Amino acid sequence: ANPQGPSNNSSLVMSLQFHLGKVSFISCPKLLGHVAETVKRLHVPPKRCYGFILEFQGDIFMYYGLQNFYQNHRRYVISRSDAQLLGRNVNRSYCTPFTTYRNGTPMAPCGAIANSMFNDTIDLFYNLNSSAIQVPVLKTGNSWWTDKNVKFRNPESYNLSSAFAGTARPPYWHKPVYLLDEEDERNNGYVNEDLIIWMRVSAFATFRNLYRRVKRIRQFADGLPAGNYTFRISYNFPVTKFKGRKHVILSTVVWSGGSNPFLGIAYVVSGTAATLTGFVITAIHLKLRKKKTYFQK
Amino acid sequence: LRLLLLGATAIEDKLQQGVPETIAILTLANIKIWVLTGDKQETAVNIGYSCKMLTDDMTEVFVVTGHTVLEVREELRKAREKMMDASRSVGNGFSYQEKVSSSKLTSVLEAIAGEYALVINGHSLAHALEADMEVEFLETACACKAVICCRVTPLQKAQVVELVKKYKKAVTLAIGDGANDVSMIKTAHIGVGISGQEGIQAVLASDYSFSQFKFLQRLLLVHGRWSYLRMCKFLCYFFYKNFAFTMVHFWFGFFCGFSAQTVYDQYFITLYNIVYTSLPVLAMGVFDQDVPEQRSMEYPKLYEPGQLNLLFNKREFFICIAQGIYTSVLMFFIPYGVFADGLKSRVEPALRDVVELGTIGLDTGFWTAINHFFIWGSLAAYFAILFTMHSDGLFQMFPNQFRFVGNAQNTLAQPTVWLTIALTTVVCIVPVVAFRFLKLDLKPELSDTVRARKQKTQHRCMRRVGRAGSRRSGYAFSHQEGFGELIMSGKNMRLSSLAGPVGGAECGLRFGGVWTCSVTKKTKKKKILFPVPGVVGR
């Protein structure tokens, strides 16, 4: 199943809510805490992270979720240049005001969508016998094939940094686009999957994007074994400015997708309603027929 | 002076076939028929009898032949009094006052009992159409079952039509075959010309033309009715689909900060009305029939909904809109609910199309091959265009325009999408189906019952249709004095003009040959009954 599409239906969805605080986490002492569904705002001291107990089986997907982030605002949606993301030179686009710097250097990639890319780093650690093992995750294979191979292409050149010569990173980015993934050349530049996934804007203000998939090797071959886990997050993406929230979501997948039970409930409800209506109509029809024949006599 | 009768000549101008039946059926369809002719009174009255507009069962036939305004007014007043008297005697039960205001007049005259006819001459009509008397004339005339205006000039014909148009909220149709009917044809809402021996002047001025009067029945009861029905359904549909489509953006506004972001891509929006949903609606608007044509002709009562504006009025419009809004709510919020956690999907357009076509499929009462082709073809065209627009080729050429590359292939591969489409379609359509079914059961309309009627009545009417029927033509005889005396006196050789129609002759003529006639004339020595060749026609 397409990892982007379906989401969990049957198993637990663990979601954590981060505190909104002006802190950045780099490393943290181990802390065992409850998994809280709703977390109130707390002013937290720096260098903290969350730990919890969980167990998952099967393919596990890690998502980051945002709330109150309107990726569907019209001016935001058009603020991109697909031609540029194809590796071509563009002169005109709808990217303003994120097109060029004052000294004339063009931004790569331009536009508000790219500029506001989610840049937190989320790592999951499994605590085993007082040592923390980082859960191996897959960075690629998370986006649509057509996106990765057709819609987004790097400009041609003998190496990636020269391909982007003469351009600069967007203002909110920490790294230029050709350093998005230094380990994997095929996930670098415009074809970086995090960028691709982010550029596919969502339709509603509360959404989640696939971030990583658990690589099923070693002790994670069957999923996440029971135990204590810790998220370590480098907090870069500021959500307090727009009173938003961010979440991390872990879930498994079933064929029908739909982590929310909405579709199932909707089907049940409408099926019941339709059956009831059917009964009612049949009853009315039969009663009327009796009445009609009575009158005809 | 001894004369030897050498022979007799006569000119026969037959009434067309099927005229009485047509008039009878149109009267049953609640259509009032007036005759405006340039012929003289006797001819016109005879025509009236021969085509069954006037019958012997009629309570009274009023003749208005006054030469002055006062006389005409008096005659009209007397006619009204007689009609109201009769209705009072039947027992309507309200007090009659000498001077009745015009609005009360209408309500009183609408409740009369008995059938009356009004025959009015051209010179009287000239007075009756004057500004102060026209309403009175109109009220009196409308209270009668049949109105015959004779010796009418072409201008007066147009004036009469104008009068009806102005004061009555009725649609007027004028049908004629001669050049003298052209003004009337042009004035009426619908002008019909009969092409034939009179030439094609009337045809050139008309909206519709055919060769026989009896085709009027088909024009009105079959094609007119269907046309009204189709237009109403089409309109309802068009409003429904556009509302459903547009309101989705309204709901989306709540979720996108009212930034006017569209739910569908621009090409879908452009093509929506033009390609995806136009042809099925058009097919329905052109081909739909609610009742087969035979039944339509047999049941003139089916014509009523059109006259009463029943199929598309404020109420129907609001129902349409409500249905559109309901559909839009479902079409937005069901996918919203399914995809609310924000996983990427663009399912709405496909959804829209399927729901639309489902509803059209329901509404089409009469399936032809063309309907099928258009509906399934539109759906297929939608998917074809969708895949083309989301294909790689177009994207390479115009990346900024066709941003949705890969959408179709990826989203439509998810079972969730199809499940959502199926659910929404069903939930949109099921209530409509339920309402329709209940309506058929609880409050069936005439067209529903007619449609459901068994086929046995078919061969009964087949027999009727085949035979032309050996009708006797309508002959009209003039029962005036005629020209015998004039000829014998030799005065016709002089330039003095021949006398026009002499007033005061009242004739009751029964179709079929038995006639009685009483001629009263002021200065008369001998009574001469002379069958003079009269022209019967038009």
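Predicted, not measured: the structure shown is a model, and the values here were computed from it.

Reading guide: rules and limits
Residues numbered from 1 in each chain as written. Chains lettered and ligands numbered in written order. Predicted model: local features only at pLDDT ≥ 70, side-chain atom pairs only at ≥ 80, totals over all residues. Heavy atoms only, no water. Helix = DSSP H or I, 4+ residues; strand = E, 2+ residues; numbered from the N terminus. Buried < 20%, exposed > 50% of the residue type's maximum accessible area, 1.4 Å probe, protein only. Contact = heavy atoms within 4.5 Å. Areas by Shrake-Rupley, 256 points an atom, 1.4 Å probe, with all protein chains shown as cover. Polar contact = N/O pair within 3.5 Å; in protein donor to acceptor, adjacent residues only side chain to side chain. Disulfide = S-S within 2.5 Å. Axes fitted to C-alpha atoms, helices over the stretch in contact; angles between N-to-C directions. Parallel < 35°, antiparallel > 145°, perpendicular 65-115°, else oblique. Left-handed = near helix turned anticlockwise from the far one by under 90°. Nonpolar A, V, L, I, M, F, W, Y, C, P; charged D, E, K, R; others polar. Phe/Tyr/Trp six-rings, centres within 6.5 Å; stacked < 30°, edge-to-face > 60°. Lys NZ or Arg CZ within 6 Å of the ring centre and 35° of its normal. Core = buried A, V, L, I, M, F, W, Y, C linked by side-chain atoms within 4.5 Å. pLDDT = per-residue confidence, 0-100. Pairing = 2+ DSSP bridges. Expected span 1.5 Å × (residues − 1). Salt bridge = Lys/Arg side-chain N within 4 Å of Asp/Glu carboxyl O. UniProt positions renumbered as here; feature names shortened; annotations may be inferred. Patch = residues over 30% accessible without salt bridge, like charges linked within 9 Å, V, L, I, M, F, W, Y side chains within 5 Å.

## As for the overall build of chain A
- A tally of regular secondary structure across chain A gives seven helices and nine strands.
- Taken across its 297 residues, chain A has 47% of its residues classed as buried.
- Taking contacts inside chain A between residues at least 6 apart in sequence as the whole, the part at least 24 apart equals 76%.
- As presented, chain A carries roughly 15700 Å² of accessible surface, and 56% of it is formed by carbon and sulfur atoms.

## Section: the overall build of chain B
- Counting its secondary structure elements, chain B contains 23 helices and 11 strands.
- Across the 538 residues that make up chain B, the buried fraction comes to 45%.
- Put simply, 73% of the contacts in chain B that link residues at least 6 apart link residues at least 24 apart.

## Regarding the side chain of Thr140 of chain B
- Relative to the helices and strands, Thr140 of chain B resides in helix H6 (residues 134-143).
- A polar atom in the side chain of Thr140 of chain B sits 3.1 Å from the side chain of Arg80 of chain B.

## A closer look at the state of the cysteines
- What the rule picks out here adds up to one disulfide over all chains.
- Here Cys95 of chain A connects covalently by a disulfide to Cys110 of chain A, the sulfurs 2.0 Å from one another. Here the disulfide of Cys95 of chain A and Cys110 of chain A is right-handed, its torsion about the S-S bond being about 40°. Taken as a pair, Cys95 of chain A in the loop between helix H2 (82-85) and helix H3 (112-115) and Cys110 of chain A in the loop between H2 and H3 lie far apart in primary sequence, 15 residues in all. Neither residue differs from the other here; Cys95 of chain A and Cys110 of chain A are each classed as buried.
- Among the cysteines around Cys232 of chain B, which has no disulfide bond, Cys236 of chain B carries the closest sulfur, lying 7.6 Å off.

## Observations regarding the packing of helix H15 (residues 314-338) of chain B against helix H20 (residues 415-442) of chain B
Residues and elements named next belong to chain B.
- Interhelical geometry of H15 versus H20 gives an angle of 155° and a closest axis separation of 10 Å. In terms of axis orientation, H15 runs roughly antiparallel to H20. In this structure, H15 crosses over H20, and the sense of that crossing is right-handed. Across the interface between the two elements, Gln323, Tyr326, Thr327, Leu330, Met331, Ile334, Pro335 and Val338 of H15 pack against Thr416, Thr420, Leu423, Thr424, Val427, Cys428, Pro431 and Val432 of H20.
- Looking at side-chain class alone, the contact of H15 with H20 contains 11 nonpolar, five polar and no charged residues.

## Here's the deal with the packing of aromatic side chains
Residue and element names in this part refer to chain A.
- Taken as a whole and assessed by the stated rule, the structure comprises 36 aromatic pairs over all chains.
- Among the aromatic residues, ring-to-ring pairing joins Tyr64, Phe69, Tyr76, Phe118, Trp198, Phe207, Tyr211, Phe237 and Phe242 into one connected group.
- The lysine or arginine in question, Arg208, covers the ring of Tyr63, its NZ or CZ lying 4.6 Å from the ring centre.
- Between Arg232 and the ring centre of Phe125, over which it is positioned, the NZ or CZ distance is 4.1 Å.

## Re the nonpolar core
- Ranked by internal contacts, the top residues of the largest apolar core, which has 49 residues, are Trp198, Leu224 and Leu250 of chain A.
- Within the second largest apolar cluster, 32 residues are counted, among which are Val72, Leu129, Met133 and Val161 of chain B.

## Points about the environment of Glu55 of chain A
Residue and element names in this part refer to chain A.
- Following the sequence through the fold, Glu55 ends up in strand S2 (residues 50-57).
- Each C-alpha atom of the pair Glu55 and Ala132 lies 16 Å from the other, and the pair is 77 residues apart in sequence.
- When neighbours within four sequence positions are excluded, Glu55 is seen to be in contact with Leu224, Pro225 and Ala226.

## Here's the deal with the confidence of the model for chain A
- Looking at chain A, pLDDT values average 74 and 78% of them are 70 or higher.
- The model gives residues 1-48 of chain A a pLDDT under 50, and that stretch makes 123 contacts with residues more than four places away or in other chains.

## As for the sheet that holds strand S6 (residues 190-194) of chain B
All names here are of chain B.
- Taken together, three strands build an open sheet; the order of strands is S5-S6-S7 and the sheet is parallel. Two strands in the sheet have a free side with no partner beyond their single neighbour: strand S5 (173-176) and strand S7 (208-210). Going from strand to strand, the sheet's axes swing by 20° on average, the running direction of each strand aside.
- In this structure, S6 lies alongside S7, joined through three bridges in parallel fashion. Looking at the pairing, Gly193 lines up with Ser209 of S7.

## Points about H15 of chain B
- When the terminal C-alpha atoms of H15 of chain B are compared, their 36 Å separation across 25 residues agrees well with the 36 Å that a helix rising 1.5 Å per residue should span.
- For H15 of chain B, every residue scored as buried is listed here: Cys320, Ile321, Gly324, Thr327, Ser328, Leu330, Met331, Phe332, Ile334, Pro335, Gly337 and Val338 of chain B.

## Side note on the environment of Met488 of chain B
Residue and element names in this part refer to chain B.
- Mapped onto the elements of the fold, Met488 is located in helix H23 (residues 484-489).
- Judged by its relative accessible area of 55%, Met488 falls in the exposed class.
- When the C-alpha atoms of Met488 and Leu1 are compared, they prove to be 9.1 Å apart, with 487 residues separating the residues in sequence.

## Some words on the pattern of salt bridges
- Applying the stated criterion to the full structure yields 20 salt bridges over all chains.
- In this structure, the salt-bridge partner of Arg200 of chain A is Asp147 of chain A, at a minimum N-O distance of 3.0 Å. Of this pair, Arg200 of chain A sits in the loop between helix H6 (193-199) and strand S7 (207-214) while Asp147 of chain A is found in helix H4 (residues 145-151), placing the two residues 53 residues apart along the sequence.
- What makes Asp147 of chain A buried here is its relative accessible area of 2%.
- Across the pair Arg218 of chain B and Glu293 of chain B runs a salt bridge, and its minimum N-O distance is 2.6 Å.

## Details of the packing of H6 of chain B against helix H7 (residues 154-167) of chain B
All names here are of chain B.
- Interaxial distance between H6 and H7 falls to 11 Å at its minimum, and their mutual angle equals 85°. By the criterion of interaxial angle, the relationship of H6 to H7 is roughly perpendicular. Every residue of H7 that contacts H6 at Glu134, Val135, Phe137 and Leu138 is listed here: Leu163, Val164, Lys166 and Tyr167.
- Residues that form the contact of H6 with H7 fall into these classes: six nonpolar, no polar and two charged.

## A look at the environment of Thr100 of chain A
Residues and elements named next belong to chain A.
- Here Thr100 is to be found in the loop between H2 and H3.
- Take Thr100: its relative accessible area is 41%, and that puts it in the partly exposed class.
- For the pair Thr100 and Gly223, spaced 123 residues apart in the sequence, the C-alpha separation amounts to 46 Å.
- Thr100 has contacts with Thr105, Pro106 and Met107, leaving out every residue within four places of it along the chain.

## Notes on the UniProt feature "binding site: Mg(2+)" (unreviewed entry) in chain B
All names here are of chain B.
- In the numbering used here, UniProt assigns the feature "binding site: Mg(2+)" (unreviewed entry) to Asp177 and Asp181.
- Of note, Asp177 is situated in the loop between S5 and helix H8 (182-187).
- Looking at where Asp181 falls in the secondary structure, it is placed in the loop between S5 and H8.
- In this structure Asp181 touches Lys157 and Gly176, once residues within four positions along its chain are discounted.
- A polar contact of 2.6 Å, which involves the side chain of Asp181, links it to the side chain of Lys157.

## What about a nonpolar patch on the surface?
Residue and element names in this part refer to chain B.
- Taken together, the side chains of Leu1, Leu3 and Met488 make up a nonpolar region of the molecular surface, amounting to roughly 440 Å² of accessible area.
- Of note, Leu3 is situated in the segment before helix H1 (19-28).
- With relative accessibility at 66%, the residue Leu3 sits in the exposed group.

## Digging into H6 of chain B
- The element H6 of chain B is extensively covered by neighbouring structure, given that nine of its 10 residues are classed as buried.
- Within the sequence span of H6 of chain B, burial applies to Glu134, Glu136, Phe137, Leu138, Glu139, Thr140, Ala141, Cys142 and Ala143 of chain B.

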